[in-house]
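An overview of the molecular structure
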Number of protein chains: 2
Amino acid sequence: MGLTSEAIAYVRQRHARFLRELQEFVRIPSVSAQPRHAGDVRRCAEWLAEHLRRIGMEQATVEETARHPVVSALWRRAPGRPTVLIYGHYDVQPAGPPEAWAVPPFAATVPDGALYGRGASDDKGPLFAHVKALEAYLRTGSLPLNVVCLFEGEEEIGSPSLRAFLEQRRWYFAADVAVASDTRFLAPGRPAIIYALRGSLSMELELHGQRRDLHSGIFGGAIHNPLQAICELVARLHSADGRVAIPGFYQRVRRVSPAERVAMARVGPGDAQILHNAGAHLGWGEATDAQGLPYTLYERTTIRPALTINGLTGGYQGPGGKAVIPARALAKLSFRLVPDQEPDEIAWLARRQIAWLTPPTMRGIVRVRLGARPTRIDPLLPAFGAAARAYRRSFGASPVLLRSGGSIPVVTLFQELLGIPTVLMGLSLPDDGMHGPNERFRLTQFYTGIETCVHFLAEAARCEDLAGAAGSLRKRNR
Amino acid sequence: MGLTSEAIAYVRQRHARFLRELQEFVRIPSVSAQPRHAGDVRRCAEWLAEHLRRIGMEQATVEETARHPVVSALWRRAPGRPTVLIYGHYDVQPAGPPEAWAVPPFAATVPDGALYGRGASDDKGPLFAHVKALEAYLRTGSLPLNVVCLFEGEEEIGSPSLRAFLEQRRWYFAADVAVASDTRFLAPGRPAIIYALRGSLSMELELHGQRRDLHSGIFGGAIHNPLQAICELVARLHSADGRVAIPGFYQRVRRVSPAERVAMARVGPGDAQILHNAGAHLGWGEATDAQGLPYTLYERTTIRPALTINGLTGGYQGPGGKAVIPARALAKLSFRLVPDQEPDEIAWLARRQIAWLTPPTMRGIVRVRLGARPTRIDPLLPAFGAAARAYRRSFGASPVLLRSGGSIPVVTLFQELLGIPTVLMGLSLPDDGMHGPNERFRLTQFYTGIETCVHFLAEAARCEDLAGAAGSLRKRNR
C-alpha cells in the first residue's frame, strides 16, 4: 500500500473523532471584528497550535501581531521535494442577529448531515480538512513533500497585520506554491478552482448634524436630519443604471477579452443559479458594457467592481417610535475592485466625492480601511493541475476554473512578498450560508475534502515545477 | 392670610421634601415604548395614585387601558365653582444611548441646581408641580374650585388608548377647561402659552430584499441591497428644495394670515434663537411660500408640515466591518401636520407614494400609527388670561402666545370628546433636553412653577366663564 492509500485508509476509519474535533474548533467564538471576543480569538489560536503539535507538525507556534495572533507550523523533512504553504483562517465573522439562526451560532450541532455554526465553512471546516490530511500522512508515515502552515486570525477584518508579519518572515514561509480552501464549489459535485479575485476597500462614513439629539416635533422642518442626509448621500453614490456614481471610478477597469467572457459563460454559474444561491427573485446592477452587451450576474460579481452598503445606523432602533432628530448617522460601505483599480486611488476618489456630496448642514467623517488589490492567476499554473487531479480522485469530478467576487487579501500578499501563486481549492458549497445565519459545513464535504487534501499533497509532490511561469519569476527575483 | 397666600407659604417651606419626592418619581423608568419597561410604567402609575391619595385627592385610581394604565383622581367639593381638568403624563421617552448621558438617565441626580433624568422636564417635573399645588391647598384648607386629574402613561407612544378610555368616562372628566404643562418657556424668564400644535402620524417602513443576508463580495453588484434601496427611497421623500415630495401632501395646508405671521415674527423665537436651542449652525427646510416670502425657522416648525426620519437600521452595526448584504432594512418616519391636513389621508398618500417608489427588487411593508389632528385654540380664551396672571404673580413676567411644532394628542381629544379647550401652560425651558440625553428640570422652574399652578387655580376660580366661546359651544352641545 502506498503512502497515499495508507493516509486515505487512516482518514476513513476516523470520521467520528475528526467531527468531534471540528465541533470543538467551531465552538470557540473567534470573532475577530468584536473586541469582546479578543480572548476567544487567542484561545482558538492556542487550541489550533496545540492540535498541530499533537499531530506531529513541527515548530507549531502562536505568534503575536498588532491584533490577533498567527498560528504557524512546518515540516521540512523532504529535501529536494517542493514546498506547499497551507493557508487558512481560524477567525470568523460576527454571528449576526441570533433570532435569524435556527440553532445557536456557536453550538456546532449536527442536526442533518451538516455541522452548523459560524465559521463552519468559512473557514474552520476547510482549514481543518487540510490539518487532518497532514495528520493522516504523519501518523501513517511521513509527508510526501515539505509543508509550512499559516493560519491567520484577521481574515474577516481584512488581514491588517499580515503584511508586516510576512515581511519579517519571508524565509520561514518560503514555498513553491500556496494552497487555501476559503472558496466554494460551483454546486454540489462540481468543484471549482478560483483563478481571479476582486480587491476590496472598506469605509465608514459618519455624518454629524446639530450638537445633540432633538425633539422632531419641536425642530422637524427646520433642522437637517443626519439620517436623511446620509440617505441622500448614499443614494447618490449609485446612478439609476446601477453603476457606481463616483467620477473616475471605472477609469482603470481592465476590459476582459471576449474569449474569456465566452469561457466564463460556458463554465460559470448562470443568472438563475446565482439568484437561487442568493435567495432573490430579481437581479440588479450594471446592465451592459460600453458596447451594449449585457453583463451576466456572474460578470457583474467578478469582472466588474461594486459598492455595497454593509450597515447603516442612526436614531431610534427600538420597538415603537421615538420623536427624535438624531445628532449623527453612520454608514459602513465596502468596494469590490477589479484589475487595474488601485485601492488607495479608489479611496481618494470616494473621499473626494463624499466631501462634494456632503451638505453644508453636516460635518462628514470618513474612515478608510485599505483592503487587497484585485488578483488574477494564470489558469495554466501546474499546481492547478495537481488540484484538478486531487478533486477527480476524491469527488470524482474535474473542477471548473472560476472567477470569484470575493477578496482574499493573502493571495495578493503571497504574490507580492513570497512571489508564489495560490491554489484556491474550495471545499464549501454555495448555499453554506457564509457570512449569513445558519452557516454550515456538510459532513460529506468535510470527509471527502480531507481526501482531496491528501491527494493534493501527493500530486503536488509529483510535479516537476509546481508554480510554472510564476515560480520561474520567483527564482529570477531571488 | 387668604387661601392662596397660605398655599404659597406652605410650598416655600417644603422645597426639600418636594424635591426628594420628584427624584423618587423620576427614578422609576416608566418608558412606555419599550415592552421590557411595562412593569415600571405600572409601578409608576401606582406610585402616583398613592401619592394623590396621600395629599387628599379623592377617588385616586389606576385604571386599565389596552396597554398602560391611566391615573385619575378628583376633588369636587366646590359646588357652583368651575372645574379644571389637570392633565399630565407619567410615561417617558426611551433614555437613548447611555454613553451620551453625563449622568445615569434614571438616577435623578441634582449636580447643579437642576434635576437630571429622563422625564425630568417631559413631563414628570411639570406634572408634579400641579400635584404639589393641589397638596398646598388641600393641606392648608381646601381647593378654590373643582379639580379632576388625568395622568396618562402612553403620551410618548402617541396616546393610543386614550380616546377609547375617555369615550367611556366623559362625565367623570367633565370640566370647563383643561390645563397641561407639557410645553416650554420661550427662554428663561419668558413664559409661554401654546395656542397651536402640529398633528402627528408615525410610520415604519421595512424593505425586504433577498431571503437571507449575503456575502457582499460574492454577490455585490448583482443583488439589490435593501439598505441601499431604503436610502434611495427615503432620499426621494424630500425634494431638493426641502419640501416633502409626496403628491397631494400640501393640498389641504391652510394658509396662515399675514397678520398672524407678523405677530409670530414679533413675539416668537428668531432663527438665531432656534439654531441656538438646536445646537445647529445652519437651518434647513422649506425656503419660501408660494409668493416667495421666506419662511422663518419658527414658521417651518409650526405653520408648515414636516417629515422626519427618526431611525434607520440595517446590516452590520458593530465595530469594524462585515462583508454583508442584509436581507432587510427598516426606517422609522414621522410626519408633523398642520390644519387642515388629516392624518388618515396623509397616511394614505404616503403609503401610495412609498409603494410607487419601492423598486421591483424589494418587498415593502408599511406600518402606520395614526397620531393626532393638528389643533389651534382661540388666543382670546379667558382661561389663557388666568394663566397669564398666574405667570405674572409667580415668575413676574407675562407669557407670550406661541405656536408649537410638537403634538399633544390629548388636546385634540379634550376638544372632540369633552368639548373643552386646553391651557398649555409650560414650565420647562427650551434647552432642557426633552427627548435627548441629559434631560433636566431646573429647581427654580420647579419651585416657582408650583406657585404658578397655585395661582392658576385661584385665578381660574375667579373667572366668570373660563372657556369663553369654546365653553359656550360645549354647553350648546350638551
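You'll find the structure just up there.
A short tour of the structure in this document, coming up. (Residues numbered from 1 in each chain as written. Chains lettered and ligands numbered in written order. Predicted model: local features only at pLDDT ≥ 70, side-chain atom pairs only at ≥ 80, totals over all residues. Heavy atoms only, no water.)

This next bit is on the relation of the copies chain A and chain B. When chain A is brought onto chain B, the operation consists of a screw motion whose angular component is 180° and whose axial shift is 0.0 Å, with 0.0 Å RMSD remaining. Expressed as an axis order, the relation between the two copies is that of a two-fold axis. In this assembly, 100% of the residues forming the interface of chain A have copies in chain B that are likewise at the interface, indicating an isologous arrangement. (Least-squares fit on C-alpha atoms with pLDDT ≥ 70 in both. Contact = heavy atoms within 4.5 Å.)

Moving on, we get to the packing of aromatic side chains. Given two aromatic rings, one states the distance between the centres and the angle between the planes to describe the pair. In the structure shown here, the tally under the stated rule is 30 aromatic pairs over all chains. Ring geometry for F25(B) and F128(B): centres 5.7 Å apart, planes at 45°, overall tilted. Taken together, the residues F25(B) in helix α2 (residues 15-26) and F128(B) in helix α4 (residues 120-140) connect sequence positions 103 residues apart. For F25(B), a relative accessible area of 0% corresponds to the buried category. Taking NZ or CZ as reference, R243(A) lies 4.1 Å from the ring centre of Y250(A), over its face. (Phe/Tyr/Trp six-rings, centres within 6.5 Å; stacked < 30°, edge-to-face > 60°. Helix = DSSP H or I, 4+ residues; strand = E, 2+ residues; numbered from the N terminus. Buried < 20%, exposed > 50% of the residue type's maximum accessible area, 1.4 Å probe, protein only. Lys NZ or Arg CZ within 6 Å of the ring centre and 35° of its normal.)

In this section: unusual backbone geometry. Following D122(A), the chain continues to D123(A) via a peptide bond in cis, the omega torsion being 10°. Looking at where D123(A) falls in the secondary structure, it is placed in helix α4 (residues 120-140). Of note, the amide linkage connecting P339(A) to D340(A) takes the cis form, showing an omega dihedral of 0°. In this fold, D340(A) is placed in the loop between β12 (328-337) and α11 (343-357). Within the chain, N438(B) stands out as a residue other than glycine whose phi angle is a positive 55°. Since its relative accessible area comes to 24%, N438(B) is described here as partly exposed.

Between chain A and chain B, the contact holds 84 residues from the first and 84 residues from the second. Of the roughly 6,900 Å² buried between chain A and chain B on both sides combined, carbon and sulfur atoms contribute 56%. Linking chain A to chain B there are zero salt bridges. Of all the elements in the fold, those that place two or more residues in the side of chain A that touches chain B are β9 (214-215), α6 (216-219), α7 (226-235), α9 (271-278), α10 (297-300), β10 (306-315), β11 (324-325) and β12 of chain A. In terms of residue count, β10(A) provides more of the side of chain A that touches chain B than any other element does, nine residues in total. Residue composition of the side of chain A that touches chain B, grouped by class: 31 nonpolar, 37 polar and 16 charged. Alignment of β10(A) against strand β10 (residues 306-315) of chain B, held across five bridges, turns out to be antiparallel. Residue pairing in the sheet places T313(A) in a bridge with T313(B) of β10(B). (Buried area = accessible area lost by both parts, 1.4 Å probe. Salt bridge = Lys/Arg side-chain N within 4 Å of Asp/Glu carboxyl O. Nonpolar A, V, L, I, M, F, W, Y, C, P; charged D, E, K, R; others polar. Pairing = 2+ DSSP bridges.)

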